[in-house]
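Structural overview for review
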Number of protein chains: 2
Amino acid sequence: SSLQVGILDVDLCGPSIPRMFRVQDNDVHQCDSGWVPVFVDQDKSISLMSIGFLLERPDDAVVWRGPKKNALIKQFVADVAWGDLDFLIVDTPPGTSDEHISTVEALRPYKPLGAILVTTPQAVSVGDVRRELTFCKKTGLRVLGIVENMSGFVCPHCSECTNIFSKGGGEELAKHAGVPFLGCVPLDPQLSQSLEEGRDFIQEFPKSSAFPALAHITQQILDGTSQQSS
Amino acid sequence: SSLQVGILDVDLCGPSIPRMFRVQDNDVHQCDSGWVPVFVDQDKSISLMSIGFLLERPDDAVVWRGPKKNALIKQFVADVAWGDLDFLIVDTPPGTSDEHISTVEALRPYKPLGAILVTTPQAVSVGDVRRELTFCKKTGLRVLGIVENMSGFVCPHCSECTNIFSKGGGEELAKHAGVPFLGCVPLDPQLSQSLEEGRDFIQEFPKSSAFPALAHITQQILDGTSQQSS
């Protein structure tokens, strides 16, 4: 039996998740128990809510200051008919500001399992994630671990690997901060293409270099969170 | 004679510019006319202001909602002793929210030349920049042009080019929106390394693939803005 997973996209100015699942033209409807999220798969095991579904035109700019953003995030948590979920995954923009504060506040009653921090290998990105670690400590949010994205590129022509953005910053930071390092995701044109076209990466590219990396990270997260809830 | 350029980093939650110039350990001092920005070169032709200089520790998280961010951005424009500048470059985070609204409002009395929008080639990123175009239209900010970053990677081992994140999204968007396309910047490990270590890219890697691309873009911007001011 598959898990029921909800995805909440709180990147209000850059809602890119609907396109990655190829459901960007869907509308959100109201039912008695609130907004009905959009199911992205035939099995209806993954449901998604995003401001992208609420804009009239895809080019509409969300020129909102903090208070309006905060109100919508509260609604996204409380007024969406999520149903029984095994996991709710919240995708935030980078930073430690309104979206993050509001999300942590809105989810507090539901005792969130924790945060997964994603960095690229460079020091400038690691610096941002160091600040996000401080944010988690301040707000009492457990850190499930750190992921290093865009970690090396294997040339499809000659199979040599180049660390375009250097390498190892994520792992080093995890060690330094005493939190789990969940793994590296390489730069992979097949993964980019899947996200770009809203195709099913797992079905179409099972031999891609990013696939074992993503499977490993997912397993680490499942292991870490089942320990916590048991 | 070189131009006097000010750089204002309004990415308050992720201030990465100080590290890129290797001045992250500098402090900002007060003088009679306000905060003194940090000069990043020996000739004192480039001055920089960033919240990075105001944090006690580099890991400090800026857990600020909008109003505090807005107040600081106003101060960064009005209370910094910028001196006589030929250009003030403002680097914003992605999006169309507090930082962007406040910057446009604070700069309005100075009649800003316009905005340069940076996208990566993928549709998800182009989507964000389409919303930023709408923001510029709404706020009456001229669009100087669009830059496509991370546009293709030339393998240093076999010299074959791979478009890791597809290609052409920036140029297509510029055509569609009727604004100038300023050029493409390829993925370039030497450029990443320079930014990572705060080294002078122009001096150290004049033969890099990104160099002619950046020179071309700069010239386009200078041509476009001199037409406007003459």
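Position labels on residues start from 1 in each chain and follow its written sequence. Following the order in which they are written, the chains are lettered starting with A and the ligands numbered starting with 1. Predicted model: local features are reported for residues with pLDDT of at least 70 only, side-chain atom pairs are reported and counted for 80 or more only, and whole-chain, interface and lining totals are derived from all residues. The side-chain values count all of the structure's non-hydrogen atoms but skip hydrogen atoms and water molecules.

Regarding the sheet that holds strand E11 (residues 181–184) of chain B
Residue and element names in this part refer to chain B. In this scheme, strands are said to pair when DSSP sees at least two bridges between them. Strands here are runs of E lasting at least two residues and helices are runs of H or I lasting at least four, both read from the DSSP assignment and numbered beginning at the N terminus. Reading across from one edge, E7-E8-E11 is the order of the 3 strands in this open sheet, with parallel pairing throughout. Pairing within the sheet leaves two strands with one partner each, and these edge strands are strand E7 (115–119) and E11. Averaged over all pairs of adjacent strands, the angle between their axes in this sheet comes to 20°, without regard to strand direction. Sheet topology places strand E8 (residues 143–148) next to E11; 3 bridges connect them, and they run parallel. Among the inter-strand pairings, Ile146 is bridged to a residue of E11, identified as Phe181. Contacts are assigned to residue pairs with any non-hydrogen atoms lying within 4.5 Å of each other. The axes are straight lines fitted to the C-alpha atoms, using for helices just the contacting stretch, and the angles between their N-to-C directions are given from 0 to 180°. On top of the sheet, helix H4 (residues 123–139) reaches E7 and E8; it is set at about 165° to E7, its chief contact. Against the sheet, helix H5 (residues 169–177) engages E7, E8 and E11, with an angle of about 155° to E8.

Regarding the pattern of salt bridges
Salt bridge criterion: a side-chain nitrogen from Lys or Arg within 4 Å of a carboxyl oxygen from Asp or Glu. This model, assessed by the stated rule, comprises 16 salt bridges over all chains. Taking the shortest distance from any N to any O, the salt bridge between A:Arg65 and B:Glu105 comes out at 3.4 Å. With one member in each of two chains, A:Arg65 in the loop between strand E5 (46–50) and helix H2 (66–78) and B:Glu105 in helix H3 (residues 98–107) form a pair that bridges those chains. For A:Arg65, a relative accessible area of 25% translates into the label partly exposed. Between A:Arg131 and A:Asp128 there is a salt bridge, with the nearest N and O atoms lying 2.8 Å from each other. Only protein chains enter the area calculation, which uses a 1.4 Å probe; residues under 20% of their type maximum are buried, those over 50% are exposed, and those in between are partly exposed.

Structural notes on the relation of the copies chain A and chain B
Screw-axis analysis of chain A against chain B gives a translation of 0.0 Å along the axis, an RMSD of 0.0 Å, and a rotation angle of 180°. Here the symmetry operator amounts to a two-fold rotation axis. In terms of C-alpha distance to the rotation axis, chain A has A:Gly66 as its closest residue, with the C-alpha 2.6 Å off the axis. Of all interface residues in chain A, 100% are interface residues in chain B too; the two copies therefore contact each other through one and the same surface. Only residues with pLDDT of at least 70 in both copies contribute their C-alpha atoms to the least-squares superposition of the copies.

Describing unusual backbone geometry
Generally, phi is negative for residues other than glycine and the peptide bonds are trans, each holding for most cases. A positive phi angle is found at B:Arg22, which is not glycine, with a value near 60°. In this structure B:Arg22 comes out as exposed when scored by relative accessible area, which is 57%.

Quick notes on the packing of aromatic side chains
Between the rings of Phe, Tyr and Trp (Trp by its six-membered ring), a pair exists once the centres lie within 6.5 Å; its type follows the angle of the planes, with under 30 degrees stacked, over 60 edge-to-face, and the other angles tilted. Tallying each qualifying case throughout the model produces 7 aromatic pairs over all chains. On the numbers, 6.2 Å between centres and 45° between planes, the contact of B:Phe201 with B:Phe205 is tilted. In this structure, B:Phe201 and B:Phe205 share a single accessibility class: buried. Ring pairing ties together the aromatic residues A:Phe201, A:Phe205 and A:Phe211, which thus form one cluster.

Re the environment of A:Pro206
Residues and elements named next belong to chain A. When you line up the elements, Pro206 lands in the loop between helix H7 (201–204) and helix H8 (210–229). Each C-alpha atom of the pair Pro206 and Cys155 lies 18 Å from the other, and the pair is 51 residues apart in sequence. Not counting residues up to four positions away in its chain, the partners in contact with Pro206 are Phe201 and Phe211.

Topic: the interface of chain A and chain B
Contacts between the two partners involve 50 residues from chain A and, on the opposite side, 50 residues from chain B. Per-residue buried area on chain A facing chain B is highest for A:Arg65, A:Arg131 and A:Ile164; these three make up 16% of the total on that side. N or O atoms closer than or at 3.5 Å make up a polar contact, with two conditions inside protein: a donor-capable atom paired with an acceptor-capable one, and, for residues adjacent in sequence, both atoms drawn from side chains. The interface formed by chain A and chain B includes 28 residue pairs in polar contact (both at pLDDT 80 or more). Within the residue set of the side of chain A that touches chain B, elements represented by two or more residues are helix H1 (17–20), H2, helix H3 (98–107), helix H4 (123–139), strand E10 (161–162) and helix H6 (189–197) of chain A. Broken down by element, the residue count for the side of chain A that touches chain B peaks at 8 residues, all from H4(A). Across the side of chain A that touches chain B, the residue classes tally to 23 nonpolar, 14 polar and 13 charged. Buried area is a sum: the accessible area each of two parts loses on coming together, probed at 1.4 Å, counted once for each and added. Basically, the charged four are Asp, Glu, Lys and Arg, the nonpolar ten are Ala, Val, Leu, Ile, Met, Phe, Trp, Tyr, Cys and Pro, and anything else, Gly included, counts as polar.

Concerning helix H2 (residues 66–78) of chain B
Here the expected span of a helix is defined as 1.5 Å times the quantity of residues minus one. Taking 1.5 Å of rise per residue, the 13 residues of H2(B) would be expected to cover 18 Å, and the 18 Å separating its terminal C-alpha atoms lies within 8% of that figure. Among all positions of H2(B), only B:Gly66, B:Lys69, B:Asn70, B:Leu72, B:Ile73, B:Phe76 and B:Val77 are buried. Projected down its long axis, H2(B) carries its buried residues within an arc of 165°, all on one side. Seen from the open side of H2(B), the exposed residues pointing more than 90 degrees away from its buried face are B:Pro67, B:Lys74 and B:Ala78. Buried residues along H2(B) sit in contact with H3 of chain A together with strand E1 (5–9), strand E3 (34–36), strand E5 (46–50) and H3 of chain B. Note: the arc covers the axis-to-C-beta directions of the helix.

Here's the deal with the domain arrangement of chain A
Residue and element names in this part refer to chain A. Reported domain spans reflect what an automatic or database domain assignment gives. According to the domain assignment, chain A consists of domain 1 (1–112) and domain 2 (115–230). Here the C-alpha centre of domain 2 lies 22 Å away from the C-alpha centre of domain 1. Counting each side, the surface lost to burial between domain 1 and domain 2 is near 960 Å², with a carbon and sulfur contribution of 66%. Of all residues in domain 1, Met20, Thr96 and Val104 give up the largest surface area on contact with domain 2, accounting jointly for 42% of the area buried on that side.

With respect to the sheet that holds strand E4 (residues 38–39) of chain A
Residue and element names in this part refer to chain A. Strand order in the open sheet formed by 4 strands is E4-E5-E1-E6, with mixed pairing between adjacent strands. For this open sheet the edge positions go to E4 and strand E6 (87–91), each flanked by a neighbour on one side alone. In this structure, strand E1 (residues 5–9) lies alongside E6, joined through 5 bridges in parallel fashion. Note on E6: the bridge partner recorded for Ile7 is Ile89.

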